[in-house]
Every structure is written in C-alpha cells, then in structure tokens.
Amino acid sequence: MNSPNNTRFVSRLTRQTLALVLAGGRGSRLYELTDWRAKPAVPFGGKFRIIDVPLSNCINTGIRRIGVLTQYKAHSLIRHLVRGWARFDSELDEFVEILPASQRAGGEWYQGTADAIYQNIDILRTHEPEYVLILSGDHIYKMDYGEMIATHVESKADMTIACLEVPLEEAAGAFGVMTVDESGRIIEFNEKPANPAPIPGQPDLCLASMGNYLFNTEFLYEQLIRDADDPKSSHDFGKDMIPAIIDKYQVYAYPFRDMDTGERAYWRDVGTLDAFWEANMELVNVTPELNLYDQSWPILTHQAQLPPAKFVFDREDRRGLAIDSMVSGGCVISGALVKRSLLFSNVRVRSYSEIVDSVILPDVEIGRNARIKKAIIDRGCTIEPGMVIGEDLEQDKQRGFRVTEKGVVLVTPDMLHQTTHEQR
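Nothing here was measured: the structure is a model prediction, and the numbers come from that model.

This part covers the overall build of the chain. The helix and strand tally for the chain stands at 11 helices and 31 strands. Along the longest, intermediate and shortest principal axes, the C-alpha atoms of the chain span 70 × 50 × 50 Å. Within the chain, the proportion of its 424 residues that are buried is 52%. The long-range fraction of contacts in the chain, counting pairs at least 24 apart against all pairs at least 6 apart in sequence, stands at 59%. When the accessible area of the chain is evaluated, it comes to approximately 19100 Å², of which 46% is carbon and sulfur surface.

And the structure:
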C-alpha cells in the first residue's frame, strides 16, 4: 500500500467514505464520572476528550465527512464538538455534523446501534457516500482506516468488521466474538459470549470486535430497513444485524495490528474506572504504547488558551516538583510534590501537598497538606486542606467516595457536597 498509485487509490476511497461515530452511550460502568456527561465527553490524556480519538483517526486517515450521533447528556459533548471541530470547509463537502437523537423515525429515541444509523438514513442519502464507516466513540487507539477500506474493497466485501486478537478471559462477556475461515470471511458471530470460541491454533486467543464496521452504502441501507421492519430485533449491530447477514453475504474480519511490528496494536476500552485510570497512568511511562507526541498522527482537540504549567518554591520542605508525570497548561504546583500522576488543565496544588499515582481532571483545587494516592479527582473538585484520599479505603467508602475493585478512589464534586450541576 506504499506506492504512489496505491496511495492515490486509498485517498480516493477515503474521500468516498462517510464516517459515523456512535457517541450516545452513557458509560454506566464509569459510575459518577458520567453523571453529568456522556462517556465520549469524558476527559482523557491531560487535555483531550475520548471522542477526540476516533475523530482524529478520521482526519489523519483523510476522511473529512463525519457525523457524530449523540443521545445521553450530550450538552458537554456537543459544546466540545462545536468549539473544537467546526473548522471544516463546507464548500469542499467537509464537515463534522452533530446528529442528536431527535425521533426522526418512529417517534422513538435511538433504540440500538443499528437503529441510531437507521434514524439518520435520510441524512446519509443526501451525502451520497460510496462507503459508510461506523465507529465506536469511546475507545482509545490510533488506526489508519484507509488500510481497512482498501482491504474491504479488494476482498469485494459487503461489510468488514475491525477486530482484535484478545485473550479468552478478557473477551468473555465483554466483546462480540467471531470465527473466520482461511480467507478471513466471518462464518460465525456471537455477541458477548460467556465462553468465546478460540482462534484455531491459538487456544488462548479469540477474535473480538472493536465495534468498528465498514459497509457498502447500498447494502447498509438494505440491511437497516430489513432490521427496522423486524419486530423481534433489538436493532443492534452485534446482537441482530451481523448474525443475520453472515451466512448470506460477504462479511470479512479486518485484524487491527501494528503496521510496523505486525503485533496486536494498542487499543483500550476505558469503560470502567479501573480501565480509565490504567489507560491514563500508562501515558506517564517513559515510553508509553500510545505516543501522544507523534507528530505524524496527532490527536486533535479544542483547547483553551492557557499559560504554561508553573512550579514554584525551592526549599527542602517546600518544593514545587513533578516526577514521572504529565502536567497540562494552566497548572500551578506550589511547593508540592506530584509523582506518577497526570494533571489536566488548570489544576492548583498548594504547598506541602502530595499527589501520587493519580488522575486529576481540569479545574481542581488541592489545598495545603493534602495527600492523594491512586485516585481519580473529577473536574471542579476542591480538596480541603489536610484531606487524605487513597490511604484508608474503608474511610474513603464511609465518606461517600467510590472505591473500585483495584483500589482506585473516585471523588466528584457531588461526593464532596460541592454540587454545581454544571455540564462538565
């Protein structure tokens, strides 16, 4: 795929592709972190939102016609999209278009992933794409969709599903799992099975769906209409549409692998508090798997105009210091210690405080002599002077904080009785 002719071939295909990002999910396993925002709007990586990842993948791939389907508590997400992604030239038919659940068909909100697309079928027809790429809006990864589209066309597929090689115990009850023949055609698909079928010759691994689907447009229309007319369907791609078509049509798997090594590529589902904390913590490693400093594949976002991070005081007992950490713009570390942590924008850490192994979201104020360990502090929290979080988990539970199975403590303004009911 590296010759000039192949490059032009792929770029032509991406221009003929319209991407739809499913961003309406609540993200209930993130608990209070999604009380006031949809999961794709949750901050990630110091300055981004989760939704920025698939949108950046589209732009870096050359796909510049994008629709974002929203539903659950979407104000924060929509505000972010308007501020950060309304930069395209409509005269060149480039756009990021917001498609909220608006009861366009049948008088219902989006009932499932397939129904969400079906309710916007009239909008899709106006854009006349040759291919439709449907993306999950809540995963972290870097992927060149152009390679997937080219493989789809070359295999003469009706539908292609991006997949990962996942350990069986990790996939059980969590992913759609598929079985393929020697050509890569899918011959069986089960949505979140308790006992996933292993890959032949690799008994510890299975092929798990990433929730990214590529369709020939006319085929997609036909299947959406058929599914909408089925009263027994829950109108979901994994549960209903894919199992119904694999026997009759050409449905192929596209294994997502690192283009340089051929190994399984970086991909994270940050759908639980532990997974969210771990994915952010990975970024502070010396050489993280997800390289945010890769100028050839930038993650784009809206960002406020903020001054550089500032570290003040240099006495033995009062030194502004951050070690093995990421500190965003607008932060002030005033005579405090930050270790192995990630601080989002506009965080203030007062003197004699210590933050270790923690994710601090934007606009947090941490008072003097506070100690925070292995925690997620939500946006807008004010941590009182002397407060200790993460050292006595039973005490944290008694104070109303959420403690995960792996000992991560979540603190939100509501838990601190600092409720503002802002769309964050």
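Working note: non-glycine residues mostly have negative phi, and peptide bonds are mostly trans. Positive phi is not limited to glycine here, since histidine 235 has a value of about 60 degrees. Take histidine 235: it is sitting in the loop between helix H8 (217-228) and helix H9 (237-245). Here phenylalanine 313, not a glycine, exhibits a phi torsion of approximately 80 degrees, which is positive. Tracing the backbone shows phenylalanine 313 in the loop between strand E14 (310-312) and strand E15 (314-315). For phenylalanine 313, a relative accessible area of 39% corresponds to the partly exposed category.

This part covers the pairing of strand E4 (residues 65-70). Here E4 lies mainly inside the structure; 6 of its 6 residues are buried. Going residue by residue along E4, you find Arg65, Gly67 and Leu69 tucked away on one face and Ile66, Val68 and Thr70 tucked away on the opposite face as well. In this sheet, E4 lies alongside strand E1 (residues 17-22) in parallel orientation, the contact comprising 4 bridges. For valine 21, the partnering residue across the bridge sits in E4 and is valine 68. Pairing geometry for E4 and strand E5 (residues 95-100), over 6 bridges, is parallel. Bridging across to E5, valine 68 finds its partner in isoleucine 98.

A separate point is the pattern of salt bridges. Under the definition given, this model contains 21 salt bridges. Between lysine 406 and glutamate 278 there is a salt bridge; the shortest N-O distance is 3.0 Å. Note that lysine 406 is positioned in the loop between strand E30 (402-403) and strand E31 (409-411) and glutamate 278 in helix H10 (residues 273-282), a separation of 128 residues in sequence. The closest approach of N and O atoms between glutamate 316 and arginine 319, which form a salt bridge, is 3.5 Å. Note on glutamate 316: relative accessible area 73%, which makes it exposed.

Turning to the sheet that holds strand E18 (residues 326-327), a few remarks are in order. Spatial ordering of the open sheet is given by E18-E21-E24-E27-E31-E30, a layout of 6 strands whose pairing is mixed. Either end of the sheet is taken by a strand with one partner, and the two such strands are E18 and E30. With 2 bridges joining them, E18 and strand E21 (residues 342-343) adopt parallel strand pairing. Bridge assignment links valine 327 to a residue of E21, and that residue is leucine 343.

Turning our eyes to something else, we now look at the packing of helix H2 (residues 52-61) against helix H3 (residues 75-85). Two numbers describe how H2 lies on H3: the axes approach to 12 Å, and their chain directions differ by 30 degrees. The two elements H2 and H3 meet at a crossing, and its hand is right-handed. Here Asp52, Leu55, Ser56 and Ile59 of H2 lie close against H3, whose contacting residues are His80, Leu81 and Trp85. Residue composition of the contact of H2 with H3, by class: 4 nonpolar, 2 polar and 1 charged.

A separate point is the sheet that holds strand E28 (residues 382-383). The parallel open sheet is built from 5 strands, whose spatial order is E14-E19-E22-E25-E28. Strands with a single pairing partner mark the edges of an open sheet, and in this sheet they are E14 and E28. For E14 and strand E19 (residues 332-334), the ladder comprises 3 bridges, and the chain directions are parallel. Within E19, the residue paired with phenylalanine 311 across the bridge is isoleucine 333.

Glancing now at the packing of H8 against H9. One can describe the packing of H8 onto H9 by two numbers: an axis separation of 11 Å at closest approach and a directional angle of 115 degrees. Every pair of crossing elements has a handedness; the one defined by H8 and H9 is right-handed. Residue-level contacts link Phe219, Leu220, Gln223, Leu224, Arg226 and Asp227 of H8 to Phe237, Asp240, Met241, Ala244 and Ile245 of H9.

Tallied over the full model, the rule gives 6 aromatic pairs. A ring pair is formed by phenylalanine 215 and phenylalanine 237, whose centres lie 5.8 Å apart and whose planes are at 40 degrees; its orientation type is tilted. Taken together, the residues phenylalanine 215 in strand E11 (residues 205-216) and phenylalanine 237 in helix H9 connect sequence positions 22 residues apart. Judged by its relative accessible area of 0%, phenylalanine 215 falls in the buried class. Three or more aromatic residues link up through ring pairs in this structure, and these residues are Tyr213, Phe215, Phe219, Phe237 and Tyr249.

All right, on to the environment of glutamate 182 then. Within the secondary structure, glutamate 182 sits in the loop between strand E9 (176-180) and strand E10 (186-191). Taking the C-alpha atoms as reference, glutamate 182 lies 57 Å from lysine 310; in sequence the two are 128 residues apart.

On to H8, then. Over its 12 residues, H8 runs 16 Å from end to end, which matches the ideal 16 Å to within 8%, given 1.5 Å per residue. Three or more residues of H8 are buried, namely Thr217, Phe219, Leu220, Tyr221, Gln223, Leu224 and Asp227. Against helix H4 (113-118), helix H5 (121-127), strand E6 (131-136), strand E8 (159-167), E11 and H9 lie the buried residues of H8.

So, on to the side chain of serine 358. Along the chain, serine 358 falls in the loop between strand E23 (354-356) and strand E24 (359-360). Residue classification places serine 358 among the buried residues on the basis of a relative accessible area of 0%. At a separation of 2.9 Å, a polar atom in the side chain of serine 358 contacts the main-chain carbonyl oxygen of valine 356.

About the cut-offs
- Residues numbered from 1 in each chain as written.
- Predicted model: local features only at pLDDT ≥ 70, side-chain atom pairs only at ≥ 80, totals over all residues.
- Heavy atoms only, no water.
- Helix = DSSP H or I, 4+ residues; strand = E, 2+ residues; numbered from the N terminus.
- Buried < 20%, exposed > 50% of the residue type's maximum accessible area, 1.4 Å probe, protein only.
- Contact = heavy atoms within 4.5 Å.
- Areas by Shrake-Rupley, 256 points an atom, 1.4 Å probe, with all protein chains shown as cover.
- Pairing = 2+ DSSP bridges.
- Salt bridge = Lys/Arg side-chain N within 4 Å of Asp/Glu carboxyl O.
- Axes fitted to C-alpha atoms, helices over the stretch in contact; angles between N-to-C directions.
- Left-handed = near helix turned anticlockwise from the far one by under 90°.
- Nonpolar A, V, L, I, M, F, W, Y, C, P; charged D, E, K, R; others polar.
- Phe/Tyr/Trp six-rings, centres within 6.5 Å; stacked < 30°, edge-to-face > 60°.
- Expected span 1.5 Å × (residues − 1).
- Polar contact = N/O pair within 3.5 Å; in protein donor to acceptor, adjacent residues only side chain to side chain.

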